[in-house]
Amino acid sequence: MSDFLRHVDATVQAAVAEDQAFSDLMPRLMSESQGAPATVLNMAMMKMGEGIAAAPPNLGCWLAVIAGSWVENGATVFGVGEPVLDRLLGVAESGVAFAAAWQKATGRQPPDPEGQPSQQIVDTVSRDFDDPVAAMMSWFSMEKFALSANTMLSASADLRASVTDRESKADLVAQLAEHSAKMDWVARLLRVVENERLLVLDRASRQGWTVSIGGIGDNFQLHVLLGGRLLGRPGGMPGEAVPAELVSWFTDTDVPEAGPIVNSFWNLVDAHGEWIYNEGVPADIPAVNGVRVVVLDPPSYVRSFPAGRKHPMMVGRLAVEGRHLPEDLAGWWQHIAPAKNPVG
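All of the points below concern the structure found in this document. All values derive from a computational prediction rather than experimental measurement.

1. Examining the packing of helix α5 (residues 81–106) against helix α7 (residues 132–155)
Part 1 of the argument: The contact between α5 and α7 brings their axes to 8 Å, and the two run at 140 degrees. Judged by the angle between their axes, α5 and α7 are oblique. The hand of the α5/α7 crossing is left-handed. Here Gly81, Val84, Leu85, Arg87, Leu88, Val91, Ser94, Gly95, Phe98 and Ala99 of α5 come into contact with α7, specifically with Ala135, Met136, Ser138, Trp139, Ser141, Met142, Phe145, Ala146, Ser148, Ala149, Met152 and Leu153.
Part 2 of the argument: Considering only residue class, the contact of α5 with α7 consists of 15 nonpolar, six polar and one charged.

Listed below in structure tokens is the structure:
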């Protein structure tokens, strides 16, 4: 264990110092860490986080990739999650500027971020940057930081909950989605609300529920988890209970290869009467008096969709915190518009 931790320390120091020894130390670290137990990897995470924060992007991104692989093997996100996310946002800001500079200079799309740096690339963008080499290195580190950030955000509810100014950060990263599918995934994860309370209202019975959600990647998942907690359950709604196995596929269990098809239970509608589309995310649902409102209406037609989570590494959560009788909600219904039909 001590030899492994010394090797971690040497690798991080080489990355921060831009020492040529990093090219030998890094692959050795990747190899040696494959058999290390999570308890040992956890002891190295703070040091890895320091290196990710301090090393130049072209070297720090490799530390981020290694740390991400450790998390996928059961290690903690603590110590590395925030540095990875901070560096990802930094290279995203630089990447937006790099793409704009390249398109201005050439009239073409920027180089593939999975490609290789070159002097020609530096020369092409040099007029727009005080340090065009750093801008280029940020561009070519983008995919690796995004890969690691995807793992960190998927694995850690605490990291997702710590994100401030979520929408502007997601918008920044999303600007690079056309150049990198991995950045699109990170942008989506940045929009995942955590420890969020929703007010769920049943228009027919006029009753409702306060629910708390987290780790929900789209409204397909929200739809099914609501059904799992309310349909055929004590204190819920009449109807056939959703099978526990189906709920698990939208919570924390992998879907079988021949994935089953789910039929929707309701139309989900917001407080303004607009449909809440399953393809959207809970963050899209507008709030009334500071609370996002979901209204349940009977489905106008059968919607079918495949079982499974948008982000397979992320555990979904929906808990019913309280039931509200019709008399409890008398003051709410005056703020709830009738459902609109966007098809008609």
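2. Notes on the pattern of salt bridges
Part 1 of the argument: Enumeration according to the criterion identifies 16 salt bridges in this entry.
Part 2 of the argument: Across the pair lysine 47 and glutamate 50 runs a salt bridge, and its minimum N-O distance is 3.2 Å. Of this pair, lysine 47 and glutamate 50 both sit in helix α3 (residues 38–54), separated by three residues, roughly a single helical turn.
Part 3 of the argument: Residue glutamate 50 is classed as partly exposed on the basis of its relative accessible area of 45%.
Part 4 of the argument: The partner of glutamate 321 in a salt bridge is arginine 197, with the nearest N and O atoms 2.6 Å apart. Placement of glutamate 321 in strand β8 (residues 317–324) and of arginine 197 in strand β1 (residues 194–202) is noted, with a sequence separation of 124 residues between them.
Part 5 of the argument: Linked by salt bridges that have partners in common, Asp9, Lys47 and Glu50 make up one network.

3. Section: the pairing of strand β6 (residues 291–297)
Part 1 of the argument: Where burial is concerned, most of β6 is hidden: six out of the seven residues are buried.
Part 2 of the argument: Judged from the five bridges that link them, β1 and β6 form a sheet pairing that is parallel. Looking at the pairing, leucine 198 lines up with arginine 292 of β6.
Part 3 of the argument: Where strand β4 (residues 267–269) lies against β6, three bridges are found, and the strand directions are antiparallel. Paired with leucine 268 across the two strands is leucine 296, which belongs to β6.

4. As for the environment of phenylalanine 129
Part 1 of the argument: Summarising the element assignment, phenylalanine 129 is placed in the loop between α6 (119–125) and α7.
Part 2 of the argument: Separated by 32 residues in the primary sequence, phenylalanine 129 and alanine 97 place their C-alpha atoms 9.0 Å from one another.
Part 3 of the argument: Dropping the residues within four chain positions of it, phenylalanine 129 is found in contact with Ala97, Phe98, Ala101 and Ala135.

5. Some thoughts on the packing of aromatic side chains
Part 1 of the argument: Within the structure shown, the criterion is met by eight aromatic pairs.
Part 2 of the argument: For the ring pair tryptophan 275 and tyrosine 277, a centre distance of 6.3 Å and an interplane angle of 55 degrees mean the geometry is tilted.
Part 3 of the argument: Among the residues examined, tryptophan 275 registers a relative accessible area of 11% and is labelled buried.
Part 4 of the argument: By relative accessible area, tyrosine 277 is classed as partly exposed at 46%.
Part 5 of the argument: With 6.5 Å between their ring centres and 45 degrees between their planes, tryptophan 275 and tyrosine 301 make a pair best called tilted. Separated by 26 residues along the polypeptide, tryptophan 275 in the loop between β4 and β5 (287–288) and tyrosine 301 in the loop between β6 and β7 (304–306) bring together distant segments of the chain.
Part 6 of the argument: Feature note: the residues Phe98, Trp102 and Trp139 constitute an aromatic cluster, connected by ring pairs.
Part 7 of the argument: Directly above the aromatic system of tryptophan 333 lies the positively charged group of arginine 206, at a separation of 4.0 Å from the ring centroid.
Part 8 of the argument: The ring centre of tryptophan 275 lies 5.0 Å from the NZ or CZ of arginine 303, which sits over that ring.

Definitions and cut-offs
- Residues numbered from 1 in each chain as written.
- Predicted model: local features only at pLDDT ≥ 70, side-chain atom pairs only at ≥ 80, totals over all residues.
- Heavy atoms only, no water.
- Axes fitted to C-alpha atoms, helices over the stretch in contact; angles between N-to-C directions.
- Helix = DSSP H or I, 4+ residues; strand = E, 2+ residues; numbered from the N terminus.
- Parallel < 35°, antiparallel > 145°, perpendicular 65-115°, else oblique.
- Left-handed = near helix turned anticlockwise from the far one by under 90°.
- Contact = heavy atoms within 4.5 Å.
- Nonpolar A, V, L, I, M, F, W, Y, C, P; charged D, E, K, R; others polar.
- Salt bridge = Lys/Arg side-chain N within 4 Å of Asp/Glu carboxyl O.
- Buried < 20%, exposed > 50% of the residue type's maximum accessible area, 1.4 Å probe, protein only.
- Pairing = 2+ DSSP bridges.
- Phe/Tyr/Trp six-rings, centres within 6.5 Å; stacked < 30°, edge-to-face > 60°.
- Lys NZ or Arg CZ within 6 Å of the ring centre and 35° of its normal.

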